[in-house]
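Each chain is listed here by its residues.
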Amino acid sequence: MKIRDRYIAKTLLMYSLVVMLVWLSIYSFFNFLSELNSVGTSNYTIIEAIKFIVLRIPEVAYDQASAVILLGCLLGMGHLASTGQLLIFRVSGLSVLRTVWITVKNALVLIFLLIFIGEVLAPVLTKYAESERANALGQASLSNNQDGFWIRDGDNFINVENNVDGRLFSGITIFGINKSNKIESIFNSESANFDGKSLSLNETDIYLISEKNKFEKIDLKERNIYSKSVAFDQDLISSLEKEPKDLSTYTIIKQIRFLTDNKLRAGVFEVELYQRLVKPISLIAMILLAMLFIFGSNRDATLGRKIFFGVAIGLSFELISRIGGAMSLSFEFNPLLSSFALPLLVIIIATSVLIKKSTN
């Protein structure tokens, strides 16, 4: 890598890190003000509040990665342009496309680093932070005691009245469905233990329903336990209480596979998965859009206004991409096509325009 390229990369990296630091500082400050309302409750102290905020910083950095990197790269390029360095680089033979490539390359390095942090470190740290906060506030038992749920597992529909901790269920009923989509059996138990592969039903009653709709009751209380294998695990159970955006990519893939195997709709999870996969491509598209303003005519507007419009259009593009994902659910478009089509189209158009600028 030439000294010139390293200098540009260093400038972009420095501005991106400064933007990230400022962004996270603002988040931490306002979140700390919010947490002060809980300080003094049980064992929740200022130290606990600070620890909770710090442990959640990787998650926030991952969520805001695209906007931060876009702003950092544009401010870095703006600095080079305002000080005349960018003009000197171009006179010395650095083409527009080469400059854009250096910017995109450094942005991709940062986005992949933040994706790694968001997918590997953030879920663990966030879960630990929420657990420690709940313990300090004396809410540990309440946080583990979740509401009940319905879930389909093959030809069985399972209803749990109360999910205690992901391993202990109370008030569980399993409805078995035959090929005619009629109920053929009902398993009812006061409680069940879940080991991730099977349900151990305690004090179980089993009702078998014949084709003539006559009930036959088999009391299994003397056996005390009835075991039934299932296809879901603890991760799928815990994810029932969360929004798709709060799940790790691995858990989302498991959810999609489970729902598809059970002939259930997985559109919400597919949209979230594809939006994550397209994140690097969307970032490239936003940077290319913004670069059109950086390399625009100097007589059109001031540099500050160009940067403002570049950031505004880049962020508007990300908003439109998210709206496209929501529309794919409402109108049943292909979520893969709706996620990738717009970024790729923008990249092609923006690259064509930049190539023309480079040849002029």
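Cut-off values and rules
Residues numbered from 1 in each chain as written. Predicted model: local features only at pLDDT ≥ 70, side-chain atom pairs only at ≥ 80, totals over all residues. Heavy atoms only, no water. Helix = DSSP H or I, 4+ residues; strand = E, 2+ residues; numbered from the N terminus. Buried < 20%, exposed > 50% of the residue type's maximum accessible area, 1.4 Å probe, protein only. Contact = heavy atoms within 4.5 Å. Areas by Shrake-Rupley, 256 points an atom, 1.4 Å probe, with all protein chains shown as cover. Pairing = 2+ DSSP bridges. Salt bridge = Lys/Arg side-chain N within 4 Å of Asp/Glu carboxyl O. Phe/Tyr/Trp six-rings, centres within 6.5 Å; stacked < 30°, edge-to-face > 60°. Lys NZ or Arg CZ within 6 Å of the ring centre and 35° of its normal.

Visitor: Is there a simple way to explain the overall build of the protein in this structure?
Guide: Of regular secondary structure, the protein possesses 13 helices and 7 strands. Burial analysis of the protein (360 residues in total) assigns 43% to the buried set. In the protein, 60% of the contacts between residues at least 6 apart in sequence involve partners at least 24 apart. As displayed, the protein offers around 20,000 Å² of accessible surface, 60% of which is attributable to carbon and sulfur atoms.

Visitor: When you look at helix α2 (residues 46–55) in this model, what are you seeing that I'm missing?
Guide: Each full turn of the α-helix corresponds to 3.6 residues, which orients residues three or four apart in the same direction. Within α2, burial applies to Ala49, Phe52, Ile53 and Leu55. Contacts from the buried residues of α2 go to α1 (3–35), α3 (57–63) and α6 (96–136).

Visitor: Looking at this structure, I do not really get the pairing of strand β5 (residues 198–209). What am I missing?
Guide: As paired elements, strand β4 (residues 183–194) and β5 share 9 bridges and run antiparallel to each other. Each residue of the ladder has a partner; that of Asn188, found in β5, is Asp205. Counting the residues that bridge the hairpin from β4 to β5 gives 3 residues, and of these Gly196 lies at a positive phi of roughly 100 degrees. Alignment of β5 against strand β7 (residues 225–229), held across 5 bridges, turns out to be antiparallel. Within β7, the residue paired with Ser200 across the bridge is Ser227.

Visitor: What am I meant to see in the pairing of strand β2 (residues 156–163) here?
Guide: Remember that side chains alternate between the two faces of the sheet whenever the strand is regular. Pairing of β2 with strand β3 (residues 168–177) involves 7 bridges; the strand directions are antiparallel. Its bridge partner lying in β3, Asn159 is registered against Thr173. Taking the residues that link successive antiparallel strands as the turn, the β2-β3 hairpin has 4 residues, and the phi of Gly166 there is positive, at about 85 degrees.

Visitor: Please clarify how the pattern of salt bridges should be interpreted in this entry.
Guide: Here the idea is simple: oppositely charged side chains can pair when their charged atoms come close. Applying the stated rule across the entire model yields 8 salt bridges. Residues Lys51 and Glu48 are paired through a salt bridge, measuring 3.6 Å at the closest nitrogen-oxygen approach. Placement of the pair is Lys51 and Glu48 together in helix α2, with a separation of 3 residues, close to one helical turn. With relative accessibility at 22%, the residue Glu48 sits in the partly exposed group. Arg276 is the partner of Glu272 in a salt bridge, and the nearest nitrogen-oxygen pair spans 3.0 Å. Of this pair, Glu272 and Arg276 both sit in helix α10 (residues 267–277), separated by 4 residues, roughly a single helical turn. For Arg276, a relative accessible area of 12% translates into the label buried. Here the residues in one salt-bridge network are Arg4, Asp5 and Arg98, joined through shared partners.

Visitor: Would you take a moment to explain the packing of aromatic side chains for this structure?
Guide: In this description, an aromatic ring pair is defined by two values, namely the gap between the centres and the angle between the planes. Taken as a whole and judged by the stated rule, the model has 4 aromatic pairs. Summarising the aromatic geometry, the rings of Tyr7 and Phe89 are spaced 6.2 Å apart at their centres and angled 70 degrees between planes, so their arrangement reads as edge-to-face. Taken together, the residues span a long stretch of sequence, with Tyr7 in helix α1 and Phe89 in helix α5 (residues 85–91) at a distance of 82 residues. The class for Tyr7 is partly exposed, based on a relative accessible area of 34%. We classify Phe89 as buried; its relative accessible area is 13%. Taken together, a centroid distance of 5.4 Å and an interplanar angle of 75 degrees make the contact between Phe29 and Phe30 edge-to-face. With relative accessibility at 47%, the residue Phe29 sits in the partly exposed group. Owing to a relative accessible area of 53%, Phe30 belongs among the exposed residues under this scheme. Of note, Arg133 hangs over the ring of Phe52, and the distance from its end group to the ring centre comes to 5.4 Å.

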